[in-house]
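# Tertiary structure, described
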Amino acid sequence: MELPIPLRQAVERLLEKVPLPTLKQAAKTLSDRYRAELRDGRLHMAEEMAVKAYLATRLPATYAAVRASLDGLSEARPDYAPKTLLDVGAGPGTVLWAALDLWPDLQQAVLIEASAAVRRVGEALATEAMTARVAWLAGDVTLDLADLKPAELVTCAYVLDEIGPASLPKLIDRLWHLTDNTLLVVEPGTPAGWQRILAVRRQLIEAGAHVLAPCPHARPHEAPCPLVPPDWCHFSRRVARSRLHRLAKDADVPWEDEKFIYIAASRQAVAPPQARVIAPPKSGSGKVLLKLCQKDGSADEKLFTKRHGELFKAARRLDWGDSV
């Protein structure tokens, strides 16, 4: 999965005169902060150079994860095409670009972002081929959501890992109240990210939300997640690295795998899939082994062989994250 061409070209123009040593150092500092999940009162991207490092080394991966999460939502609700978007903790507009790629008729978007440097860059990028009316607002996601208007689609991507655990329940409650139709939360696909998504899932179900994806359990029988640590639920998207990306990270491999986890919840019930593939398929001669999270709330591996006929052919086409 690649960035939309207008976004990729806009990013390249912003980065073309940045000295490589400066970009490499900023990329290392940013990566260290993300990996440590630092909550020291400072924004990860408070400075413009940190934002540019993000564009070079993180934007393609987070875009791929957000776009895949939106695809999961859309698969559960094929008729859904939101006209209004509220993105909380918007970064440089990653969700906006992904939403417009999927739903080009999106009319209005409000983006909340605390960092002035990120907002400036996001606004510069958004001048490229944007059809929706876009408003960028300054705001701390834990404090400044009181006066916002609800939207059909509310999103919060790669934000919860930067917030203290004590603030999460209030934030999720506020996001759900701002949701006219569907809420999407995306997190890094780490064990800690999965635990945050599980907490969000429990809170939303208690609030009466219907989980659309990725869980295949429908109300009123939405079961607890069947996975037990050290196992955890997550998905992955392979992302091509640009030349500048490889140079900035001293990377030899021309791609990277972005692991992510998400939850999409709606005020509207839908028929769930029978199961979802929650690990990379294991294929051999005449057989494929799939790890499935199933509608009844269980998760286990199922072996399909040629003796299963058409079911085997269908199983061979499935990939990690696909619904069945």
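Calculation notes
Residues numbered from 1 in each chain as written. Predicted model: local features only at pLDDT ≥ 70, side-chain atom pairs only at ≥ 80, totals over all residues. Heavy atoms only, no water. Helix = DSSP H or I, 4+ residues; strand = E, 2+ residues; numbered from the N terminus. Rg over C-alpha atoms; globule rule 2.2 N^0.38 Å. Contact = heavy atoms within 4.5 Å. Core = buried A, V, L, I, M, F, W, Y, C linked by side-chain atoms within 4.5 Å. Buried < 20%, exposed > 50% of the residue type's maximum accessible area, 1.4 Å probe, protein only. Phe/Tyr/Trp six-rings, centres within 6.5 Å; stacked < 30°, edge-to-face > 60°. Lys NZ or Arg CZ within 6 Å of the ring centre and 35° of its normal. Salt bridge = Lys/Arg side-chain N within 4 Å of Asp/Glu carboxyl O.

### A short note on the overall build of the protein chain
Counting its regular elements, the protein chain contains 10 helices and 12 strands. Relative to its length of 324 residues, the protein chain is compact, with a C-alpha radius of gyration of 20 Å against a globular reference of 20 Å. Taking the principal axes of its C-alpha atoms as reference, the protein chain extends roughly 60 × 45 × 40 Å. Across the protein chain, every contact between residues at least 6 apart in sequence was considered, and the portion connecting residues at least 24 apart equals 71%.

### Details of the nonpolar core
By size, the foremost hydrophobic cluster in this structure holds 95 residues, and its most contacted members are Leu86 and Leu175. In contact with Leu86, not counting residues within four places along its chain, are Val110, Ile112, Leu148, Lys149, Ala151, Leu153, Val154, Thr155 and Leu178. Counting residues in hydrophobic clusters, the runner-up holds 9 residues, among them Val288, Leu290, Phe304 and Phe312.

### With respect to the packing of aromatic side chains
Two aromatic rings, taken as a pair, are described by how far apart their centres are and by the angle between their planes. The tally for this structure, following the rule as stated, stands at 4 aromatic pairs. On the basis of an interplanar angle of 50° and a centroid distance of 6.1 Å, the ring pair of Phe235 and Phe260 is categorised as tilted. Separated by 25 residues along the polypeptide, Phe235 in strand 7 (residues 235-240) and Phe260 in strand 8 (residues 255-266) bring together distant segments of the chain. Exposure class is identical for Phe235 and Phe260. Each is buried. Each ring, one from Phe235 and one from Tyr262, has its centre 5.9 Å from the other, and the planes form 50°; the classification is tilted. You can see Phe235 sitting in strand 7 and its partner Tyr262 sitting in strand 8, a full 27 residues away along the chain. By the burial criterion, Phe235 is buried, and Tyr262 matches it. One aromatic cluster is present, formed by Phe235, Phe260 and Tyr262 through successive ring pairs. Just above the ring of Trp255 sits the side chain of Arg238; from NZ or CZ to the centre is 3.4 Å. In this structure, Arg267 is placed above the aromatic ring of Trp176, and the distance from its NZ or CZ to the ring centre is 4.1 Å.

### Concerning the pattern of salt bridges
Under the counting rule described, the total for this entry stands at 15 salt bridges. Residues Glu48 and Lys52 are paired through a salt bridge, measuring 3.2 Å at the closest nitrogen-oxygen approach. Taken together, the residues span about one helical turn, with Glu48 and Lys52 both in helix 3 (residues 48-57) at a distance of 4 residues. For Glu256, the salt bridge identified is with Lys249, shortest N-O distance 3.9 Å. One continuous salt-bridge network, built from bridges that share partners, spans Arg67, Asp71 and Asp101.

Don't take any of this as a statement about function, it's just geometry.
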